[in-house]
Amino acid sequence: MTLFSAYLPLEPLPNSVGKMRARPGVACWDGPGLRGGSRSNSVVWACNQAREKGGQGMEEVGYLIGAVLPYAALGVCLAGALYRILFWARAPKHLHWELFPYPRTTAGKLEEMIVEVLTLRSLYTYNRKLWLPSLLMHWGIYFLALWLLVLLIDLFSGNFTGALGIWGGILAGVGSLWLAFRRMGGDLKQLSSPVEYLNLLLVFLLAVVGLITGFFANTVEAREYLLGILTFSPKPPANPSFLWEILLGELFLIYLPFGRMFHFAAKYFSYHRVKWGEAD
Amino acid sequence: MRKVLDDFRALSDEVLRGKEIRVPHFLEAMKKSLDRRDNWTFWLPYVLSLDVCMKCGTCAEVCPVYIASGRQEVYHPAVRSELIRKVYRRYFTWAGRLFPGLVGAEDLTEDKLDALAESIYRCTVCRRCAYACPLAIDNGLIVREARKIFDAIGIAPDELKEKGTRKQLEMGNATGTPTAAFLDIIEFLEEEIEDQRGYKIKIPVDKKGAEYLLMHNAGDYLAFAETVMGAAEIFHAAGVDWTLNSPDTGINDVVNYGVFFSDVEFAEVLRAQIKTIVDLGVKTLVVGECGHAFEAFKFLMLRLVPPSERPFEVKSILELIDEWIREGRIKVDPEKNPEPVTYHDSCKLGRLGGLYEEPRRILKACCKDFREMEPNREMSYCCGGGSGFAIMTKGDFLKFRMETYGKIKAEQLKATGASVVALACSNCKGQFREIINYYRLPLRFAGISELVANALVR
């Protein structure tokens, strides 16, 4: 917390709960990307209601986003992921279509996979201009995944975990923004449809809103909230501004299995079953 | 001819059936291509390649056509794939039906169909891009699947179908050579060997129960006879029980253009070839210097034909020569090939077939000065003859081959300083013959067998 708090312009203070309630305009920040969708419209509407009714509606919306939707989103995510993975896994054995050379041993395959996942070697070798931005974004996402894991099992000190989350957010935010700019110029522009930018925007918002609201940094409150969800005793987060990050996280979970961001799972099949072949 | 994509036309208006309504038929065939049962042969790599491209453009950075053309958008491999993906999304995914603009989905029109048909004949399915792709997405496969869809609605280059697979099935070979003419050629080649080398060898034909049946690309008998002669000398020197076969026995042409554009044609040709091989009762089929035929027999056949129905071994002539040299069954003297020799990795033999070391060991044993071409092996640039292009010359198509793929290859060749480029694939030979003429390069091409035969010590 202390080490990286300088990076957090809107880091919530311990008594921020009360502050947020007092200033609903902050909690109801309807920044870019949150407009338009029916759910976020309802949030904006509910926030307006909240302003009028002095927080009553806000609590309902908070409960919906913070305690109900997480389960819906997780359910959709798991079911969607299962559906898509089975869709590929149940594929009939296609004709051999390997590319040589490829690793023949499990150790060799693991090595190539790990090196590719951690260093994005293909981009480094063949498409250098995308490598660094992509690497930053991916490492940011890896950091955030690790942050979530470390947070839940409470393995390290809050300082370390918070730092992991903050760095994850920074890397993912910078990487996704950089990638979006790269995409807007040169050969990639002709190749990109709006959904490519939306994917990057979603990652960017997840990262930035997580930083701004302090969700990544405030490990005690984040942990308490997430554990509540996992132990089926959901409570809206103590810090209502977290709701923005939670809502984005829910959107992300719902969208993940059906969009191209699911490529990490597809990659298993395209490498292990196609490019590297499969024993008969 | 009217312009539909660029300055070239691989398919004539007649082949394209430009006056007919084709879109509904195309969509129906495409629907079948997306069915896991109807299209089980390539369904998994196909749907993966349609669904999860991240549009990073890495494919373009390694694509010979795109780079050599000065990065023209129409030749961008992922832009080409997007032509078919847009149709896929619009008609076969809910996101594309509901939000076409958002996800990049578009209606198919007759004009777009023309452009798509031409576009898929600007890629040789060399799969260099699939090798480099971080996700192993395969633009080459998408091209081939699109070719399959077009073939299903009756649109395929006549060089590959009417004068290719159909002719091969009818005449026994895609060159249309009848048995009498074939036997004349064999006799002529025996005389040629005697003239050149001063000894007489008998080239066995249609010998039942032989250990090895050597099946060449039938075009080699007409265009690259040195390869056929070289192979005969090598087999003779090895003292093995071998034979060639004539159209009398069925199919005497190892090519299978179905590999390029149609699983249906592929399977039909393969069945006829297997019947011929089984009828002859040979132990091993030796695939001559032909890239795609090696792919067909060594890989594509395995899951298509049950082992009991193909009771013979398959070997590339490269594998066999390499074995024989290492065993000492044939003796070679590199001093007999003193000129600098380089080797071009055929895509089908290398990236798709894994034969990288065999040709190199052979050439190092048979040539005094072997030089690598850069880049090579899995990053070898396709010469531009692949997927049937070597026999497609209509209109300005030869110019397309020369100004794109050919341009890179010519530069690579010059950089080696070699005076011979060794090739092990007929399509490559056809393309290099043109490259050497077009760019007036001071070198010649030679089949591996030709160089080995020249180095034989008797």
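Scroll up to find the structure this text is about.
Along each chain, the written sequence defines residue order, and numbers are assigned to residues from 1. Chains and ligands are labelled by the order in which they are written, letters from A for the one and numbers from 1 for the other. Local features are withheld for residues below a pLDDT of 70 in this predicted model, meaning they are given only at 70 or higher, and side-chain atom pairs are given and counted only at 80 or more; totals for whole chains, interfaces and linings count all residues.

Peer 1: I would appreciate a short explanation of the overall build of chain A in the present structure.
Peer 2: Per the secondary structure count, chain A includes 12 helices and 0 strands. When its helices and strands are written in sequence order, chain A yields α-α-α-α-α-α-α-α-α-α-α-α. Taking all 280 residues of chain A together, the buried fraction comes to 35%. Taking the contacts inside chain A whose residues are at least 6 apart along the sequence as the reference set, 74% of them involve residues at least 24 apart. A run of DSSP states H or I qualifies as a helix once it reaches four residues; a run of E qualifies as a strand once it reaches two. Both are numbered from the N-terminal end. Remark: C-beta atoms are placed from the backbone, and a residue is labelled buried if 20 or more other C-beta atoms sit within 10 Å of its own, exposed if 12 or fewer do, or partly exposed between those counts. Any two residues are considered in contact once their C-beta atoms, placed from the backbone, lie within 7 Å.

Peer 1: Honestly, the sheet that holds strand E2 (residues 242-243) of chain B in this entry has me stumped. Any pointers?
Peer 2: In a beta sheet, neighbouring strands are held together by backbone hydrogen bonds and run either parallel or antiparallel to one another. Residues and elements named next belong to chain B. Pairing between strands is defined by DSSP: at least two bridges between the two strands are required. Taken together, the 4 strands give an open sheet; going across it, the order is E2-E1-E3-E4, and neighbouring strands pair in parallel fashion. Every interior strand has two partners, whereas the edge strands, E2 and strand E4 (313-316), have only one. Sheet analysis places strand E1 (residues 212-215) next to E2, joined by 2 bridges and oriented parallel. Opposite Leu213, over in E2, you have Thr243 as the bridge partner.

Peer 1: What's the story with the sheet that holds strand E7 (residues 420-423) of chain B in this structure? I'm lost.
Peer 2: Residues and elements named next belong to chain B. Ordered by their spatial adjacency, 4 strands build an open sheet running E6-E5-E7-E8, and the pairing between neighbours is parallel. The two strands at the open ends of the sheet, each matched to only one other strand, are strand E6 (369-371) and strand E8 (444-447). Averaged over all neighbouring strand pairs, the angle between strand axes comes to 35°, with direction disregarded. In terms of strand pairing, E7 meets E8 through 4 bridges, oriented parallel. Within E8, the position partnered with Val421 by the bridge is Phe445. Here an axis means a line fitted to C-alpha atoms, over the contact stretch when the element is a helix, while the angle between two N-to-C directions is reported on a 0 to 180 degree scale.

Peer 1: For this particular structure, what's the right way to read the interface of chain A and chain B?
Peer 2: Many descriptions give the size of an interface as the accessible area lost when the pieces come together. Chain A puts 37 residues into the contact, and the matching count from chain B is 47 residues. Of all the elements in the fold, those that place two or more residues in the side of chain A that touches chain B are helix H6 (121-126), helix H9 (194-212) and helix H12 (263-275) of chain A. Broken down by element, the residue count for the side of chain A that touches chain B peaks at 9 residues, all from H12 of chain A. Grouping the amino acids of the side of chain A that touches chain B by side-chain chemistry returns 20 nonpolar, 9 polar and 8 charged. Side-chain classes follow a simple rule in which Ala, Val, Leu, Ile, Met, Phe, Trp, Tyr, Cys and Pro form the nonpolar group, Asp, Glu, Lys and Arg form the charged group, and the remainder, Gly included, forms the polar group.

Peer 1: When you look at the packing of helix H13 (residues 179-197) of chain B against helix H15 (residues 225-238) of chain B in this model, what are you seeing that I'm missing?
Peer 2: Pairs of packed helices are described in terms of their axes, by the angle between the two and the distance that separates them. Residue and element names in this part refer to chain B. In contact at an axis separation of 10 Å, H13 and H15 are set at 75° when each is read in the N-to-C sense. The angle between H13 and H15 places the two elements in the roughly perpendicular class. Facing Leu189, Glu192 and Ile193 of H13, the residues of H15 in contact are Ala225, Val228, Met229, Ala232 and Glu233. Residue classes in the contact of H13 with H15 are distributed as 6 nonpolar, no polar and 2 charged. Here roughly perpendicular refers to angles of 65 to 115 degrees, roughly parallel to angles under 35, roughly antiparallel to angles over 145, and oblique to all remaining angles.

Peer 1: Any chance you could explain the environment of Phe100 of chain A here in plain terms?
Peer 2: Secondary-structure assignment places Phe100 of chain A in the loop between helix H4 (56-89) and helix H5 (106-119). Between the C-alpha atoms of Phe100 of chain A and Lys275 of chain A, which are 175 residues apart in sequence, the distance is 8.2 Å.

Peer 1: Looking at this structure, how should I read helix H19 (residues 317-327) of chain B?
Peer 2: Count 3.6 residues to each turn of an α-helix, and residues three or four apart come out pointing the same way. Residues and elements named next belong to chain B. Along H19, the residues that are buried comprise Ile317, Leu318, Leu320, Ile321, Asp322, Trp324 and Ile325. Check the buried side of H19 and you find it contacts E1, H15, strand E3 (284-287), E4, helix H20 (357-366) and helix H23 (448-455). Just beyond H19, the residue with positive phi is Gly328, at close to 80°.

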